[in-house]
Amino acid sequence: MARPSYDVIVVGAGLHGLSCALNLAREGLKVVALDKDHPGRHASGVNAGGVRRLGRHEAELPLSVAALEIWHRIEQEVGDSCGFVACDQIKVAENLSEAEALQARVQRLRQLGYDHEQWIDEDELKRRVPAVAGHCVGALLCAGDGSANPFRTVMAFRRAALSAGVEIRENCPVQALRAAGSGWRVDTPDGPVDGGAVVNCAGAWGNNIARALGEPVPVTAAALMLMITERLAPFLSPVLGAAGRTLSFKQFDNGTLLIGGGHRGTAQPECNRSRVRFAGLRISAQTVGALFPQLADVRVVRSWAGLEGMMPDHIPVIGPSGRAEGVYHAFGFCGHGFQLAPITGRIMADLLVRGQSSLPIEAFRIQRFAGIADTAAVDTPEQRISA
Amino acid sequence: MVSGSNFHRLPEPEHKGLTMTFDGRTIEARGGDSVAAALIAAGVTETRTTPVSGAARGPYCMMGVCFECLMEIDGVQNVQGCMVQVREGMSVRSMAGARTVSDAGNTHGG
Amino acid sequence: MADPVPLLIMGAGPAGLAAAQEAVAAGVGALLLDEQPTGGGQIYRALGEASGERQKTLGADYAAGAPLLGVLSDQGLDHQPGATVWEVTPEGSVYYTREGQARAVSAEQLILCSGALERPMPFPGWTLPGVMTCGAAQILLKGAGVFPARGAVLAGSGPLLLLLAKQLIGAGARLVAVVDTTPADNYRAALMHLPKALRTPGYLLKGLSMIRTLSASGVPWYRGASGLEAIGDDAVAALRFKVRGRQHEVVCGNLFLHQGVVPNVQLSRSLGLEHRWDELQRCWRPSLDDWGASDLERVAVAGDGAGIMGARAAEAHGRLAALGALKRLGVLSENERDRRAAGPRGVYRREILPRPFLDRLYQPHPDYLHPADDTIVCRCEEVTAGQIRKYVELGCLGPNQAKAFGRSGMGPCQGRVCGLSVSEIIAQARGVPLEEVGYYRIRPPIKPVTLGELATLEQPEDA
């Protein structure tokens, strides 16, 4: 019996993998997406859901701006609102020095041709966020940014991908990858899978494929932590961050507060586990307390951590392999990949179908790590990949 | 809703009498009572309305498991009344829906 | 961080108190954390302060806990009441809040003695004010000497129902009715376990005494009841039910429910211990060896939290768990441990003999495992049984996935009340064994902790 062959094998069916698979399928390609667990199991499902252009690394700006346009019509894109609310994002300055730094950023972005970030003064900040602590002197506002529901978003992309003809295989780890004929063959517990091209969206495990191709990448798995509180009456509309502190703070429609901020728990990617560390959550609680002292009696009811792929220069790997024809990478989004997911798929479709990206992705090329030692192997016996 | 109480106390003269208030009404309690127990003894059945639908609820398990007995005790919201012992002069209020948050400059919630 | 304490016991019920006694007897400094203001757990709640009147009303089994309380005043034991534990790590760090201050402490050996909680008994109207558990009625008696003198209906199944009826009648209450939901089939099915139960006749004799008291009281006692519905606007006013096809309605001011108790597994699950489904007790139990030791080398579980066993067996089990921990600490040799364990081992074996009979007799009625669609099962978030069934239609496979469809299990009680119901409903809707469906993934904090407490946490692990 002939084994079906695919045009593209996407490794990793998290949000970026699903976005790539969806866009490639919509270009008429036959796509299979393989995931060692299930969509949303790791970073995709357990992040803060921030949809922001605010505060982006300069290299990510064009991608983020383009992605936000898709978010504003996400229901057309994937058939579900994904819980997206354009409630604005705000980054608070607590003193004059921070205010100056934020205002300088606004200038810099204007020079680059971007005006989505605006400085708002103390009065305007307190009009928008009456609950914020008195010492805050102003903020950056990104109107049109907002937040969405991560799990709902993953499910929507998954449904849309299936509708577009993508085959998704869960509990299907990639065990080996090798060139076969003019394409590639991956080995899985269910047998080999052949494809013309491979897209590596394996997140914190992205180096498994990269190193197998001879282009290792120092991606590490971090367990970024989140906390959620009891329900509160509505008091906070925008998503809030702070210039001098790690914080992502938002209130859901149901009144609960989500407190994130990039503090790390204990990551055990080799066994899919992560645990919170209360020493880090203590810092998050102190941060909230500094900005909203009246929340001291509010109760945290749950905390968790998800495995994210982190890069040392804080931006992902996106682009063609430097070593292998027909292999492409999109992983290592460092805890801020959620908003970019819709555009990752567009970029991948451009690369595979038209040979080049219409958005600038030079900064994300994998070759920037050439010569760096292979420090971040995240493999288990079943997942040791050999090219 | 408060009616004449169905509850009686065992004849135990040695317990100290205390008073507290519930939504402004004076409640007689005894030393060792939890807030929830004192309210039930006084004939109170409803102590909050839910944040989800506004449905009336009252204490259910009395042992800190169910979180039905959430009340405002001396200004602190969403405290389990079954886990706090009555003190003389305690001011207790029912919770109406989700707890409230004050604007900046006021360090007590709501 | 300060030096770890050798032994940390969580829970001052019979298992925890007995474990503390063994530690003190072996000269080992133990820390006993308990969330109540005084020791005794639920079964011996407030016993230390109980007046003669209270002890008489509650009966000899309550008073019998007194010798255990003695250890609380022993210099060798650090008893910290009012301590709410909210995180335990596999490395032995325990986080708790006491007097508004959040603290961390580490221990070489831990014994979880979290006890039991009431099995959920969802049916239409069960969330009305004035509806409480039979356990709550006992806590009112034990903690405040308060009882429903009139207007009370007791409904459900299990020894606690009969015990409470006896206690209330003895206190002078005029009960409106006892509505027993024990299915008729259970009596026949339980018979096969009766010979074993008769080897520890005490339980059954007590049961007969409760039955006698209730029969002689003149309180209407309906048996084989089903189709329960609590009626009322802002509080319960009546209970409707069916017996042998006939509809009944009794007016009531308070309704006390019971469908047995199940192990409180929040801490053991949070630690990631393996749990198995016990089909007879219809609950989850941590997997333990003969010494209550889990698959984590530092952690043991003792008492009802290991599996429903009753106060006397819990006490013996607590001793065994402590002796096992003391041997692991190197304080007792294997021989010395076994010597001290011989007595408790015998008591434990004897006291659990009636369990299979009681477990089978009082297996919950299917009405409460698979409630009607419009019944709220997650009280905190007001999610109904019908909504859970809808999630299954949409592809939901288990209780953790259910959290992505709706908010069941995400309220303040952290799944303590709805967990078993949600798993049962999903298993039935999917047509698979409950063990396959699993249970909520429990994440810390196990009890809510305020942002202010977290911000001032003392002595965190490696900062």
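Residues numbered from 1 in each chain as written. Chains lettered and ligands numbered in written order. Predicted model: local features only at pLDDT ≥ 70, side-chain atom pairs only at ≥ 80, totals over all residues. Heavy atoms only, no water.

**Some thoughts on the overall build of chain C**
Then comes step 1: Along the backbone of chain C there are 19 helices and 23 strands.
Then comes step 2: Its C-alpha radius of gyration of 22 Å places chain C within 12% of the 23 Å reference for a compact globule of 463 residues.
Then comes step 3: In chain C, which comprises 463 residues, the proportion classed as buried is 63%.
Then comes step 4: A sequence separation of at least 24 residues applies to 68% of the contacts in chain C between residues at least 6 apart.
Then comes step 5: Counting only carbon and sulfur atoms, one obtains 50% of the accessible surface of chain C, whose full area is about 16700 Å². (Helix = DSSP H or I, 4+ residues; strand = E, 2+ residues; numbered from the N terminus. Rg over C-alpha atoms; globule rule 2.2 N^0.38 Å. Buried < 20%, exposed > 50% of the residue type's maximum accessible area, 1.4 Å probe, protein only. Contact = heavy atoms within 4.5 Å. Areas by Shrake-Rupley, 256 points an atom, 1.4 Å probe, with all protein chains shown as cover.)

**A few points about the overall build of chain B**
Then comes step 1: Within chain B, the regular secondary structure consists of 1 helix and 8 strands.
Then comes step 2: Helices and strands appear in chain B in the N-to-C order β-β-β-α-β-β-β-β-β.
Then comes step 3: In terms of overall dimensions, chain B is globule-like: its C-alpha atoms have a radius of gyration of 14 Å, near the 13 Å expected for 110 residues.
Then comes step 4: C-alpha extents for chain B along the principal axes are approximately 50 × 30 × 25 Å.
Then comes step 5: Sorting the 110 residues of chain B into buried and exposed places 57% on the buried side.
Then comes step 6: Summed over its atoms, the accessible surface of chain B is roughly 4200 Å², and 51% of this surface lies on carbon and sulfur atoms.
Then comes step 7: Taken together, the 9 basic and 11 acidic charged side chains of chain B have centroids lying 2 Å from each other. (Lys, Arg positive; Asp, Glu negative; His and termini not counted. Charge placed at Lys NZ, Arg CZ, Asp CG, Glu CD.)

**A closer look at the pattern of salt bridges**
Then comes step 1: Taken as a whole, this structure holds 53 salt bridges over all chains when the rule is applied.
Then comes step 2: With a shortest N-O distance of 3.0 Å, arginine 354 of chain A and aspartate 350 of chain A are connected by a salt bridge. Residue arginine 354 of chain A and its partner aspartate 350 of chain A are both found in helix H9 (residues 341-354); the two are separated by 4 residues, about one turn of the helix.
Then comes step 3: Judged by relative accessible area, which is 47%, arginine 354 of chain A ranks as partly exposed.
Then comes step 4: We classify aspartate 350 of chain A as buried; its relative accessible area is 12%.
Then comes step 5: For aspartate 61 of chain C, the salt bridge is made with arginine 312 of chain C, and the minimal N-O distance between the two is 3.9 Å. With a gap of 251 residues between them, aspartate 61 of chain C in helix H3 (residues 60-63) and arginine 312 of chain C in helix H11 (residues 311-328) connect regions that are remote in the sequence. (Salt bridge = Lys/Arg side-chain N within 4 Å of Asp/Glu carboxyl O.)

**Structural notes on the interface of chain A and chain B**
Then comes step 1: Listed by partner, the interface residues are 15 residues for chain A and 16 residues for chain B.
Then comes step 2: The junction of chain A with chain B conceals about 1200 Å² of combined surface from both sides, 57% of it contributed by carbon and sulfur atoms.
Then comes step 3: Per-residue buried area on chain A facing chain B is highest for Arg231, Gln294 and Asp297 of chain A; these three make up 44% of the total on that side.
Then comes step 4: Of the charged contacts in the structure, one is a salt bridge between arginine 99 of chain B and glutamate 230 of chain A, with a shortest N-O distance of 2.5 Å.
Then comes step 5: At the junction of chain A with chain B, the criterion picks out 7 residue pairs in polar contact (both at pLDDT 80 or more). (Buried area = accessible area lost by both parts, 1.4 Å probe. Polar contact = N/O pair within 3.5 Å; in protein donor to acceptor, adjacent residues only side chain to side chain.)

**Regarding the environment of arginine 87 of chain B**
All names here are of chain B.
Then comes step 1: With respect to the helices and strands, arginine 87 occurs in the loop between strand E7 (76-80) and strand E8 (91-96).
Then comes step 2: Considering only alpha carbons, one finds arginine 87 and leucine 18, 69 residues apart in sequence, at a separation of 7.1 Å.
Then comes step 3: The contact partners of arginine 87, leaving out residues within four places of it in the chain, are Thr19 and Asp74.

**What about the interface of chain B and chain C?**
Then comes step 1: Counting from both sides, the interface comprises 39 residues of chain B and, opposite them, 48 residues of chain C.
Then comes step 2: Counting the surface lost from both chain B and chain C, the interface buries some 3600 Å², and carbon and sulfur atoms represent 60% of this.
Then comes step 3: When residues of chain B are sorted by the area they lose upon contact with chain C, Asn6, Leu10 and Tyr60 of chain B head the list and together hold 21% of the total.
Then comes step 4: One can count 2 salt bridges joining chain B with chain C.
Then comes step 5: Between arginine 379 of chain C and glutamate 68 of chain B there is a salt bridge, and its shortest N-O distance comes to 2.6 Å.
Then comes step 6: Put simply, chain B and chain C have 14 residue pairs in polar contact (both at pLDDT 80 or more) between them.
Then comes step 7: Elements supplying a minimum of two residues to the side of chain B that touches chain C: strand E1 (7-9), helix H1 (35-41) and strand E5 (56-57) of chain B.

**Side note on helix H1 (residues 15-26) of chain A**
Then comes step 1: An ideal rise of 1.5 Å per residue puts 16 Å on 12 residues; H1 of chain A measures up with 16 Å between its terminal C-alpha atoms.
Then comes step 2: Two residues or fewer after H1 of chain A comes glycine 28 of chain A, characterised by a positive phi angle close to 95°. (Expected span 1.5 Å × (residues − 1).)

**Here we look at a nonpolar patch on the surface**
Residues and elements named next belong to chain C.
Then comes step 1: Nonpolar side chains collect at one region of the surface, where Leu205, Leu208 and Ile211 lie side by side and expose about 270 Å² of accessible area between them.
Then comes step 2: Note on placement: isoleucine 211 falls in helix H9 (residues 201-217).
Then comes step 3: Here isoleucine 211 falls in the partly exposed class, since its relative accessible area comes to 33%. (Patch = residues over 30% accessible without salt bridge, like charges linked within 9 Å, V, L, I, M, F, W, Y side chains within 5 Å.)

**Observations regarding the sheet that holds strand E11 (residues 177-180) of chain C**
Residue and element names in this part refer to chain C.
Then comes step 1: What the 5 strands build is an open sheet, ordered E8-E16-E10-E11-E12; its pairing is parallel. Each of the sheet's edge strands pairs with one partner strand only, and the pair in question is strand E8 (131-133) and strand E12 (221-223). Adjacent strand axes in the sheet meet at a mean angle of 20°, parallel and antiparallel pairs treated alike.
Then comes step 2: Bridge analysis of strand E10 (residues 152-156) against E11 gives 4 bridges, and the strand direction is parallel. Each residue of the ladder has a partner; that of alanine 155, found in E11, is valine 179.
Then comes step 3: Along the sheet, helix H6 (residues 159-171) makes contact with E10, E11, E12 and strand E16 (254-258), crossing E10 at roughly 160°. (Pairing = 2+ DSSP bridges. Axes fitted to C-alpha atoms, helices over the stretch in contact; angles between N-to-C directions.)

**Here's the deal with the sheet that holds strand E5 (residues 118-121) of chain A**
Then comes step 1: Read across the open sheet, the 9 strands follow the order E5(A)-E6(A)-E4(A)-E13(A)-E14(A)-E15(A)-E12(A)-E18(A)-E23(C); overall the sheet is mixed. Only two strands of the sheet have a single partner each, and these edge strands are E5 of chain A together with strand E23 (449-450) of chain C.
Then comes step 2: Across the sheet, helix H4 (residues 96-111) of chain A lies against strand E4 (89-93), E5 and strand E6 (138-142) of chain A, angled at about 135° from E4 of chain A, the strand it touches most.

**Details of the domain arrangement of chain C**
Residue and element names in this part refer to chain C.
Then comes step 1: Structurally, chain C comprises domain 1 (5-117 + 262-356), domain 2 (120-259) and domain 3 (370-437).
Then comes step 2: A separation of 31 Å is found between the C-alpha centroids of domain 1 and domain 3.
Then comes step 3: Facing 8 residues of domain 1, the contacting portion of domain 3 comprises 6 residues.
Then comes step 4: Roughly 750 Å² of surface becomes buried between domain 1 and domain 3 when both sides are summed, with 57% attributable to carbon and sulfur atoms.
Then comes step 5: Of all residues in domain 1, Gln266, Trp277 and Trp284 give up the largest surface area on contact with domain 3, accounting jointly for 64% of the area buried on that side.
Then comes step 6: The tally of links from domain 1 across to domain 3 stands at 1 salt bridge.
Then comes step 7: When residues in the side of domain 1 that touches domain 3 are grouped by element, the largest group, 3 residues, is from strand E18 (residues 275-278).
Then comes step 8: Partitioning the side of domain 1 that touches domain 3 into residue classes produces 4 nonpolar, 2 polar and 2 charged. (Domains from an automatic or database assignment. Nonpolar A, V, L, I, M, F, W, Y, C, P; charged D, E, K, R; others polar.)

**Describing the nonpolar core**
Then comes step 1: By size, the foremost hydrophobic cluster in this structure holds 183 residues, and its most contacted members are Val35 of chain B together with Ile111, Phe123, Leu228 and Leu239 of chain C.
Then comes step 2: Looking at which element gives the most residues to this core, the answer is H11 of chain C, with 10 residues.
Then comes step 3: Apart from residues lying up to four places away in sequence, phenylalanine 123 of chain C is in contact with Leu228, Glu229, Ala230, Leu239, Leu255, Leu257, Tyr368 and Thr375 of chain C.
Then comes step 4: Listed in part, the 64 residues of the second largest apolar core include Leu125, Trp184 and Ala324 of chain A together with Leu457 of chain C. (Core = buried A, V, L, I, M, F, W, Y, C linked by side-chain atoms within 4.5 Å.)

**Looking at the confidence of the model for chain C**
Then comes step 1: Overall, the prediction assigns chain C a mean pLDDT of 95, with 99% of residues at 70 or greater.
Then comes step 2: With pTM at 0.93, the complex prediction returns an ipTM value of 0.95. (pLDDT = per-residue confidence, 0-100.)

**With respect to the packing of H1 of chain A against H9 of chain A**
Residue and element names in this part refer to chain A.
Then comes step 1: At a minimum axis distance of 7 Å, the contact between H1 and H9 shows a crossing angle of 45°. For the element pair H1 / H9, the angle class is oblique. Both H1 and H9 take part in a crossing whose hand is right-handed. Between H1 and H9, the contacting residues are Leu15, His16, Ser19, Cys20, Asn23 and Leu24 on the first element and Ala341, Pro342, Thr344, Gly345, Arg346, Met348, Ala349 and Leu352 on the second.
Then comes step 2: Its residues assigned to classes, the contact of H1 with H9 comprises 8 nonpolar, 5 polar and 1 charged. (Parallel < 35°, antiparallel > 145°, perpendicular 65-115°, else oblique. Left-handed = near helix turned anticlockwise from the far one by under 90°.)

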